[in-house]
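A structural walkthrough
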Amino acid sequence: MPEYLLGVDLGTGGCKTTIIDTKGRFVSDGYTEYPSYHPHIGWVEQNPSDWLPAMVNSLRIASEKGGFDLKDIIALSVDASAHNTVLLDKNGDVLRNTIMWQDQRARQEAEYLKANALALIKDTTFAVPSPTWSLPQLMWVKGHEPQVFNQISRVLFIDDYVRYLLTGACSTTHIQAQGSLMFDNVHMKWSEDLVRQSGLPMSALPEIKKATDIAGHITAAAGAYSGLKEGTPVVMGASDTALESYAVGGLRPGDCVLKMATAGGVNVFREVGRPFQDTFVYSHVVDGMWYYGRGTVSAAQALRWYRDTFCQKEIAEERAGGVNTYQLLDREAEAIAPGADGLFFHPYMSGERAPYWDTKLRASFTGFSSLHTRGHFNRALLEGGTFSLWQCFGVMEEFGRIEKISFVGGGAKSPLWRSILADVFNRTIVKFKRDDSSLGAAMLAGVALGVFGSHEEAVKKCAAVDCVTEPNPENVEKYKKLFPLYVEIHDDLAATYRKYEEE
C-alpha cells in the first residue's frame, strides 16, 4: 500500500496542501484562497469558518491532481502565521472574527505596554510591543468589546484551531506561543505576569507542546468531512515562517532565508536566543536553534492588491484559459529598466514593521509622469518591496557576513523579482524547486513518525535547488544610488501621514 505525508499551510491568503511520499518525493499539492476583511482603515480580520473548508477543498484538488486516495495519508502536520488568536467560548464556539497580524487597531494598547511594561516584555519575550502581537489585540478586545472578552474560555491560534476541529484537542506550540507576547522565552512557559496584562485567566491558554509532538488523531466526524482516515495522527507543526525555512534547509547557524509572501521577511539562524534590535526572535523546530527575523508588512500582498484592483480584465482572461496575470505583469515590468525611470513605490499598505515600526505610514507611488506605463508601475512595486526588505536586512549582518540567501514564498516564482533581489542585496539568491511551508509541515510529520530519521535526513530527501541568481554588477551600482532616494521619500512623507488621523 502506498503511504503519504500531508502538510497543511493556513497562510494569510489561502490554504496550501502538499503531499509527499515516504521517500520524500513530491506527489501533489492544492491551494484554495479565502478572504480577509477590512472593516476600517488599518483593520484586517478573517473568519475562522473559512479555514477548514479551504483545507478540505485544497485536499480534494491535490487528490484529483495526484491520483491518490486520502485514506493513504499516514500523518499530517499543520502550520499558520503567528500572532492571530481565535477566541472560543465555553462551548468551543468562535466569539468573533480573528484579528490578523497585519491589523493596526491596537496602537494605544501597544503604547501602554511600552510605557508600563517594556522592560518586563523585552526581558521575557525578547520583543517590543506593537499592534502585531496578540497581547495588545486582546487588550483591545477587552476595552472595546467587553461582551466578547467576558465570554472567552479558550484562546487558540489559527493552526491550533484547525487541529482542534480535526482532533478535538486544544494545544499550541512554543513557537506559536512566542507570537503572543505572553510567553516566557527564558523559562519556556506562559508568563503569568504578561498573561495578567491581557486580563485573561491562565486557564484560557492552551497546553504547550513541541513541534514534533502528536496533537491528536483525526476524529470520525473530521474524517467524514475531510476524506482523511479516522485515527490518522496529527502532528503539532509550527509557524509558517519556521516551516518554510525548514523546507529549504534552514537548519544551521548562519543560514539566511528571505521570504516574499503576503509579508516579506529576512530570517537568520543562531544557536542563542536573546533580544536584538527590534527583531522578532523565535525558536525553530530544530531543538536549540533560534531564528531572528525582521520584516515588512506588505510584500506579495501589495502585488495581489495591485492585481485585484487594476487587472480585472486580465484576471477574467486568465480564468478563461489565458496567461497568468502575475506572469503578464512580470513580462511588462521586464521591459522597463531598473529604477522604473524614477517611479518609486513604498509598500506601507498596513503601516510598517521594521525598520520604522510606524502604524500610520501609508503606501504610495511617487515620481510618476506621462512617461510612465503600467510596466513602470509593475516594476516599481517589485523594487519597492525589495528596498523595504533591504532595510530589514542591514542590521542582521551583525551576526556575520551573509553571502547566500535562500528565497521562499510566492515572490520566488518570479524570475524578475529574484533578479531585483540579487541586485539590491548584491548577494547570490537560491530558489528551491518547492519552498512552501506546507512542504516543511509534511517533512516534519515524517520526522515525528520516524519516517525520516532526523531533520537533516528530511532536508536531504525533500529539499532540491531549482536555480541560482547572481547579482548584475551594473544594476547593483544603479540600485545603490536609488536606495537613498527611496529612504528620503519615506522621511519626507512620514510626518504627512501622521496628519491624516489628526484631522
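What counts and what doesn't
- Residues numbered from 1 in each chain as written.
- Predicted model: local features only at pLDDT ≥ 70, side-chain atom pairs only at ≥ 80, totals over all residues.
- Heavy atoms only, no water.
- Helix = DSSP H or I, 4+ residues; strand = E, 2+ residues; numbered from the N terminus.
- Rg over C-alpha atoms; globule rule 2.2 N^0.38 Å.
- Buried < 20%, exposed > 50% of the residue type's maximum accessible area, 1.4 Å probe, protein only.
- Contact = heavy atoms within 4.5 Å.
- Areas by Shrake-Rupley, 256 points an atom, 1.4 Å probe, with all protein chains shown as cover.
- Lys, Arg positive; Asp, Glu negative; His and termini not counted.
- Charge placed at Lys NZ, Arg CZ, Asp CG, Glu CD.
- Pairing = 2+ DSSP bridges.
- Axes fitted to C-alpha atoms, helices over the stretch in contact; angles between N-to-C directions.
- Salt bridge = Lys/Arg side-chain N within 4 Å of Asp/Glu carboxyl O.
- Phe/Tyr/Trp six-rings, centres within 6.5 Å; stacked < 30°, edge-to-face > 60°.
- Right-handed = clockwise from strand over helix to strand, strands pointing away.
- Parallel < 35°, antiparallel > 145°, perpendicular 65-115°, else oblique.
- Left-handed = near helix turned anticlockwise from the far one by under 90°.
- Disulfide = S-S within 2.5 Å.

1. Quick notes on the overall build of the chain
- Check the secondary structure of the chain and you find 17 helices and 23 strands.
- The C-alpha atoms of the chain give 22 Å as radius of gyration, which agrees with the globular expectation for 503 residues (23 Å, within 12%).
- Counting all 503 residues of the chain, 60% fall into the buried class.
- Sequence-distant contacts in the chain: of pairs separated by 6 or more residues, those separated by 24 or more amount to 71%.
- Total accessible area computed for the chain in this model is approximately 19500 Å², and 50% of it derives from carbon and sulfur atoms.
- Here the chain holds 50 positive side-chain charges and 61 negative ones, and the gap between their average locations is 2 Å.

2. Things to note about the sheet that holds strand E2 (residues 14–21)
- Strand order in the open sheet made by the six strands is E3-E2-E1-E5-E14-E13, with mixed pairing throughout. The two strands at the open ends of the sheet, each matched to only one other strand, are strand E3 (26–33) and strand E13 (214–217). When the angles between neighbouring strand axes are averaged without regard to direction, this sheet yields 20°.
- Pairing between E2 and E3: seven bridges, direction antiparallel. Considered in E3, the bridge of threonine 18 is made with aspartate 29.
- Each of strand E1 (4–10), E2, E3 and strand E5 (73–80) touches helix H1 (residues 51–66); the most contacted strand, E3, lies at about 140° to it.
- Most of the contacts of helix H5 (residues 158–167) go to E5, to which it runs at about 150°, and overall it touches E1, E5, E13 and strand E14 (233–239).

3. Focus on the pattern of salt bridges
- Across all of its chains, the model carries 29 salt bridges by this definition.
- Of the charged contacts, one joins aspartate 436 and lysine 16 as a salt bridge, the two residues approaching to 2.7 Å between their closest N and O atoms. Of the two residues, aspartate 436 is situated in the loop between strand E22 (428–432) and helix H15 (437–449) and lysine 16 in strand E2; the sequence distance between them amounts to 420 residues.
- For aspartate 436, a relative accessible area of 23% translates into the label partly exposed.
- Among the residues examined, lysine 16 registers a relative accessible area of 12% and is labelled buried.
- A network of salt bridges, in which partner residues are shared, links Glu45, Arg96, Asp103, Arg105 and Glu145.

4. Examining the packing of aromatic side chains
- All told, the structure shown has 27 aromatic pairs when counted by the stated rule.
- Aromatic pair phenylalanine 387 and phenylalanine 483: ring centres 5.6 Å apart, planes at 50°, arrangement tilted. Placement of phenylalanine 387 in helix H13 (residues 374–394) and of phenylalanine 483 in helix H17 (residues 473–500) is noted, with a sequence separation of 96 residues between them.
- Phenylalanine 387 gets classed as buried once you look at its relative accessible area, which sits at 3%.
- Residue phenylalanine 483 is classed as buried on the basis of its relative accessible area of 18%.
- Between phenylalanine 483 and tyrosine 486, the aromatic rings sit 6.2 Å apart at their centres with planes inclined by 20°, giving stacked as the arrangement. Taken together, the positions of phenylalanine 483 and tyrosine 486, both in helix H17 and three residues apart, correspond to about one turn of that helix.
- One aromatic cluster is present, formed by Trp305, Tyr306, Phe310, Phe345, Phe365, Phe368 and Phe377 through successive ring pairs.

5. Observations concerning the sheet that holds strand E17 (residues 280–283)
- On the basis of which strands lie adjacent, the open sheet formed by seven strands has the order E17-E18-E16-E15-E21-E22-E23 and mixed pairing. Strands at the two margins of the open sheet, each flanked by one partner only, are E17 and strand E23 (465–469). Across this sheet, the average inter-strand angle for adjacent strands is 25°, counted without regard to direction.

6. Quick notes on the pairing of strand E21 (residues 404–408)
- Along E21, four of the five residues are buried, which leaves the element largely enclosed by surrounding structure.
- Relative to E21, strand E15 (residues 256–260) is paired through three bridges, and the arrangement is parallel. Bridge pairing in E21 places lysine 259 opposite valine 408.
- Of the pairings in the sheet, the one linking E21 to E22 comprises four bridges and is parallel in character. Within E22, the position partnered with lysine 404 by the bridge is threonine 428.
- Handedness of the crossover is the feature at issue here: the chain leaves E21, passes through helix H14 (residues 415–425), returns alongside E22, and the resulting connection is right-handed.

7. Re the environment of lysine 460
- Mapped onto the elements of the fold, lysine 460 is located in helix H16 (residues 455–462).
- The spacing of lysine 460 and glycine 24 is 436 residues in sequence and 8.8 Å in space, taken between C-alpha atoms.

8. Re the packing of H15 against H16
- Between H15 and H16, the least distance of the axes is 10 Å, while the angle of their chain directions is 130°. Of the possible angle classes, the one that applies to H15 and H16 is oblique. Every pair of crossing elements has a handedness; the one defined by H15 and H16 is right-handed. Two secondary-structure elements touch here, H15 through Leu439, Met443, Leu444 and Val447 and H16 through His455, Ala458, Val459 and Cys462.

9. Considerations on the state of the cysteines
- Evaluation of the coordinates by the stated rule reveals zero disulfides.
- We note that cysteine 392 lacks a disulfide partner, and the nearest cysteine sulfur, in cysteine 256, lies 12 Å from it.
- Accessibility expressed as a relative area gives 0% for cysteine 392, which makes it buried.
- Not engaged in a disulfide, the cysteine cysteine 462 finds its nearest cysteine sulfur in cysteine 15; these two sulfurs lie 19 Å apart.

Keep in mind these numbers describe shape, not what the thing actually does.
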